[in-house]
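These are the residues of each chain, in order.
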Amino acid sequence: MRRWWNDTAGRLLLALAVALERSTASKQAVKAWKLRRNEALRAAHRRGVPVEVLAARLGLTQSWVRYVIKNPKKAAIEEAA
């Protein structure tokens, strides 16, 4: 009984590890997360959060934050490359 439980638990943990790896480490997942981040960044800026605060909290440069705000499509293409 104990061996069956260990095998089952091990396989479930392996499945979880695979799902996490595929959802966070793939290039497509990273691109999707950056697009969501940029959307949230632009929304925060529209609601009055200054560029300096956005850059400091996100660990990005102020020039990059301004670029993302002004050119969302170009920024998405550059980050994907």
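Here the structure is shown first, and the text comes after it.
Here goes a summary of the coordinates provided.

1. Quick look at the overall build of the chain
Next, step 1: A tally of regular secondary structure across the chain gives five helices and zero strands.
Next, step 2: The linear arrangement of helices and strands in the chain, starting from the amino end, is α-α-α-α-α.
Next, step 3: Taken against the 2.2 N^0.38 rule, which gives 12 Å for 81 residues, the C-alpha radius of gyration of the chain at 19 Å runs more than 25% over that of a compact globule.
Next, step 4: Residues counted as buried form 16% of the 81 residues belonging to the chain.
Next, step 5: Taking the contacts inside the chain whose residues are at least 6 apart along the sequence as the reference set, 32% of them involve residues at least 24 apart.
Next, step 6: Counting only carbon and sulfur atoms, one obtains 61% of the accessible surface of the chain, whose full area is about 6,600 Å².
Next, step 7: Charge-centre separation for the chain: the mean point of 17 positive side chains lies 3 Å from the mean point of 6 negative side chains.

2. Comments concerning the pattern of salt bridges
Next, step 1: Taken as a whole, this structure holds one salt bridge when the rule is applied.
Next, step 2: Glu 52 is the salt-bridge partner of Arg 66, the closest N and O atoms lying 3.6 Å from each other. Residue Arg 66 is found in helix H4 (residues 62-70), and its partner Glu 52 is found in helix H3 (residues 51-58); the two are separated by 14 residues along the sequence.

3. What about the packing of aromatic side chains?
Next, step 1: Going through the model one piece at a time under the given rule, you end up with one aromatic pair.
Next, step 2: Pairing Trp 64 with Tyr 67 gives two aromatic rings, centres 5.4 Å apart and planes at 35°, and the pair type is tilted. In this pair, Trp 64 and Tyr 67 are both assigned in helix H4, three residues apart and thus about one turn of the helix distant.
Next, step 3: Among the residues examined, Tyr 67 registers a relative accessible area of 22% and is labelled partly exposed.
Next, step 4: Its guanidinium or amino end placed over the ring of Trp 33, Arg 36 lies 5.2 Å from that ring's centre, counting from NZ or CZ.

So, how was this worked out
- Residues numbered from 1 in each chain as written.
- Predicted model: local features only at pLDDT ≥ 70, side-chain atom pairs only at ≥ 80, totals over all residues.
- Heavy atoms only, no water.
- Helix = DSSP H or I, 4+ residues; strand = E, 2+ residues; numbered from the N terminus.
- Rg over C-alpha atoms; globule rule 2.2 N^0.38 Å.
- Buried < 20%, exposed > 50% of the residue type's maximum accessible area, 1.4 Å probe, protein only.
- Contact = heavy atoms within 4.5 Å.
- Areas by Shrake-Rupley, 256 points an atom, 1.4 Å probe, with all protein chains shown as cover.
- Lys, Arg positive; Asp, Glu negative; His and termini not counted.
- Charge placed at Lys NZ, Arg CZ, Asp CG, Glu CD.
- Salt bridge = Lys/Arg side-chain N within 4 Å of Asp/Glu carboxyl O.
- Phe/Tyr/Trp six-rings, centres within 6.5 Å; stacked < 30°, edge-to-face > 60°.
- Lys NZ or Arg CZ within 6 Å of the ring centre and 35° of its normal.

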